[in-house]
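Here are the chains, one letter per residue:
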Amino acid sequence: MTLAAVSGRSPASLTADAGRASARTRISAAGLIKRFAARGGELTAVDNVSFEVREGEFIALLGPSGCGKSTILNIVAGLLPRSGGRVLIDDDTVEAGKVNRKVGYVFQRDTVFPWRTVEANIGYGLEIAGVPKADRAVRVARAISAAGLTGFGDSFPRTLSGGMRQRVALMRTLIMEPEILLMDEPFGALDTHTKLDMHKTLLEIWERERQTVLFVTHDLGEALTLASRIILLSARPGRLKEDFDVSFPRPRDPVALRETAAFGELYSHIWHSLGEEFRRTKADRP
Amino acid sequence: MSARRSVILFWQLLILVMLLTVWQWGFEWSKAVLPRAYVPTILDPYFIAKPSTIWDSFLRLGCLKHIGGFVGCLHSDDNNLWFATLVTLKNTWWGFLFGSASGVAAGLVLGRSILLARIVGPYIVALNSIPRIAIVPLIILMFGLGDLSKIATAWIVVFFVVFFNTFEGTRAVDRDQIAAARMLGASEWAMLRTVVVPSALAWVFASLMPAVSFALIGVIVGEFIGAERGLGKLIIEAEARANASEMMVVILVMMVLGILLAFVVRRLQSHLLRWQPQFEMHT
């Protein structure tokens, strides 16, 4: 793989994700099980899933719809109780209903507060935490410009496009400076072009700040563009299927990256494996 | 003004003029033209008065015959038109305020606590099934003929309307928005204040528009059944004298009051809900 060809920059400025393997473990899931009550019985959504996320890794949790990947994320976030197994963030066991201040979460659905302006949305967490107004204004202004929302600070969300609203949701979470970022298909509802824009923004921020990220998606292209490692889940019940290192050099350009041979190779390699799961999902349907 | 608007205004004025004309002269005209059996008694001024006599009664009740009388009326506390209006307005406003405040509070608490809602649910349904007017005599027995019984009547009418809407609104809050607030560090109380309340506000206001009219109805019913002052009392007095024009004056004043109260609530609503598209024009 020719690194320089990917990004068009000199190899000296590149920081690959390799070598981070020695970093400490931030998230560790062991034997995770989740069952839901279903008509006339129980449905196993997640079956004995174990994985670890190390400091500064960007993990994409990839799998077909209904494979339980969002369920796993919600358990890690403490939004959902688990039926079995263990989840640790650093050395603390995750309990449902208990919020961990180190963790930030970006939802798939639009959860921007429609009654708050863009500024008030982004500053929400700081306001709750009692950060003084002047201090808050400075940080919000910085976040607004980082998200490319300059000039929309006092607009209400209904006047914004879906992509802009998701930028607000992203900055609302990032302004709290979470060390661990959980993202549930945050760009799933956006069109291709807007999605690429969002990838660019997210990559810029992540390549600078290197939070530990667990990113749920069913979009292989998205996973390859963003992640340093892809965890592939099987169709329901969700089990760990394979683990891929994505060692494209950084900084990455989401558009240029897709044109490289390395991207294409890894894409078709993983696609083969993912395709089997898509077919199984389809066969499952009555 | 666009052509369309002037057309609408033209027709509205025409209808008004026609109604007033028929009201004023319709009975006499039909009596002159039609055989006795076909004269519409509904137009009989004995029952519905006439615009001219209503105007006359308005000037008399409102002490508007001469300036000195008007000033005297404003300063007296016998149940003249202005004094009665003020009393009814005041009682309506307090009843509305207490009723909606307690309705919102109860709706929020029960909306957030499924257990509590299950426990007291049947009692609320039972209480709500009592026709409100039936307990007005009881309220007057308890609180006397003064303002307190009128405020209590308005309160009890407003409370349930606002309570049910707030309860539904609290239940309808987006669970992901609640989760988002939690993940951003909001405590239960902060989340209630910053997510549940603003989100349920649209539901609350949907009930406040009818509630303010109900409050006025509650106060007037209270005044009908037992009162020393107020617009309802004026109507009862006019009825005792079979004076339709005086009743009409009071009814028209009540109409203006109703419009005024609805307008105030509407303005408040469009300010607090300015994030919603239908209120965009007011920002």
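About the cut-offs
- Residues numbered from 1 in each chain as written.
- Chains lettered and ligands numbered in written order.
- Predicted model: local features only at pLDDT ≥ 70, side-chain atom pairs only at ≥ 80, totals over all residues.
- Helix = DSSP H or I, 4+ residues; strand = E, 2+ residues; numbered from the N terminus.
- Expected span 1.5 Å × (residues − 1).
- Buried ≥ 20, exposed ≤ 12 C-beta atoms within 10 Å, placed from the backbone.
- Arc of directions from axis to C-beta.
- Contact = placed C-beta atoms within 7 Å.
- Domains from an automatic or database assignment.
- Nonpolar A, V, L, I, M, F, W, Y, C, P; charged D, E, K, R; others polar.
- Pairing = 2+ DSSP bridges.
- Axes fitted to C-alpha atoms, helices over the stretch in contact; angles between N-to-C directions.

Caption draft 1: Quick look at helix H7 (residues 192–209) of chain A. Residue and element names in this part refer to chain A. Between its first and last C-alpha atoms H7 spans 25 Å; for 18 residues at 1.5 Å apiece the expected length is 26 Å, and the two agree. Restricting attention to buried positions, one finds in H7 the residues Lys195, Met198, His199, Leu202 and Trp206. For H7, the angular spread of the buried residues around the axis is 110°, confining them to a single face. Seen from the buried face of H7, the exposed residues on the opposite side, beyond 90 degrees, are His193 and Arg208. Elements in contact with the buried residues of H7: strand E3 (58–62), helix H6 (162–174), strand E8 (212–217), helix H8 (220–226) and helix H9 (254–258). Just downstream of H7, Arg210 is the residue with a positive phi angle, here 55°.

Caption draft 2: Highlighting the domain arrangement of chain B. Assigned domains within chain B: domain 1 (1–48) and domain 2 (75–282). Relative placement of domain 1 of chain B and domain 2 of chain B: their C-alpha centres are 36 Å apart.

Caption draft 3: Here's a closer look at the interface of chain A and chain B. Each side of the interface is counted separately: chain A has 20 residues, and chain B has 14 residues. At the level of secondary structure, the elements contributing two or more residues to the side of chain A that touches chain B comprise strand E6 (103–106) and helix H4 (124–128) of chain A. No other element matches H4 of chain A, which puts three residues into the side of chain A that touches chain B. Here the residues of the side of chain A that touches chain B are counted per class, giving 13 nonpolar, three polar and four charged.

Caption draft 4: Expanded view of the sheet that holds E3 of chain A. All names here are of chain A. The strand order E6-E7-E8-E3-E9-E10 describes an open sheet built from six strands, whose pairing is mixed. Single-partner strands in this sheet number two, and they are E6 and strand E10 (240–245). Mean inter-strand twist for the sheet, computed between neighbouring axes without regard to direction, equals 15°. Both E6 and strand E7 (residues 180–184) contribute to a ladder of four bridges, which runs parallel. Within E7, the residue paired with Gly104 across the bridge is Leu181.

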